[in-house]
Amino acid sequence: MSSLKVPETPRYFHGPETKAERNGLVEYADLPAIDLSKASTLEGRVALSVEVRDAMTKHGFFYVINHGYTTAQSERIFDIANVPFEHVTSTEKAAYAGTMKDTGLYQGYKLRQYW
């Protein structure tokens, strides 16, 4: 029987928390929080569908809470998600670069400093 080997992934370290708060909120990161614990009921799933739709159409991003992942699992997810940003060569990124300004399509990799 074959065994699954988890590939090595460099650790991702979060940057320091911002001190640019006003009234306890970070103005530029005012994102909705989607509570996945609501998914256990039909009514909750209906409410979540509306919340996710609103979050994506109004903000484009959202936080997810009560997802059930452990701290170790969440850290691993961030480690993996950081690979395309920090551990892929500039040449390879350029090969998949999106051309949003030219085409209006949001397909492809958006290089840093694009806008």
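Residues numbered from 1 in each chain as written. Predicted model: local features only at pLDDT ≥ 70, side-chain atom pairs only at ≥ 80, totals over all residues. Heavy atoms only, no water.

Peer 1: For this particular structure, what's the right way to read the environment of Leu111?
Peer 2: Along the chain, Leu111 falls in the segment after helix H4 (100-103). By relative accessible area, Leu111 is classed as partly exposed at 29%. Look past the residues within four positions of Leu111 in its chain and what remains in contact with it is Lys93, Ala94 and Ala97. (Helix = DSSP H or I, 4+ residues; strand = E, 2+ residues; numbered from the N terminus. Buried < 20%, exposed > 50% of the residue type's maximum accessible area, 1.4 Å probe, protein only. Contact = heavy atoms within 4.5 Å.)

Peer 1: Looking at this model, I keep getting lost on the pattern of salt bridges. Mind explaining?
Peer 2: Two side chains carrying opposite charge are able to pair once their charged atoms lie near each other. Throughout the structure, instances matching the rule amount to 4 salt bridges. A salt bridge links Glu51 to Lys38; the shortest N-O distance between them is 2.6 Å. Here the residue Glu51 occupies a position in helix H1 (residues 42-58), and Lys38 occupies one in the loop between strand E3 (33-35) and H1, the gap between them amounting to 13 residues. On the accessibility criterion, Glu51 (24% relative accessible area) is partly exposed. Taking the relative accessible area as the measure of exposure, Lys38 reaches 31% and is therefore partly exposed. For the salt bridge of Asp54 with Arg53, the shortest nitrogen-to-oxygen distance reads 3.0 Å. Asp54 gets classed as partly exposed once you look at its relative accessible area, which sits at 25%. Each member of the salt-bridge network shares a partner with another, and the members are Arg11, Glu75 and Asp79. (Salt bridge = Lys/Arg side-chain N within 4 Å of Asp/Glu carboxyl O.)

Peer 1: Whenever I open this one, the environment of Ala95 confuses me. Can you help?
Peer 2: One can find Ala95 in helix H3 (residues 90-95). Residue class for Ala95 comes out exposed when judged on its relative accessible area of 61%. For the pair formed by Ala95 and Gly108, sequence separation is 13 residues and the distance between their alpha carbons is 9.2 Å.

Peer 1: What's the story with the side chain of Thr9 in this structure? I'm lost.
Peer 2: Looking at where Thr9 falls in the secondary structure, it is placed in the segment before strand E1 (21-22). Its relative accessible area of 19% is what places Thr9 among the buried residues. Looking at Thr9, its side chain comes within polar contact range of the side chain of Arg76, at 2.9 Å. Leave out the neighbours within four places in its chain, and Thr9 touches Arg76, Asp79, Ile80 and Val83. (Polar contact = N/O pair within 3.5 Å; in protein donor to acceptor, adjacent residues only side chain to side chain.)

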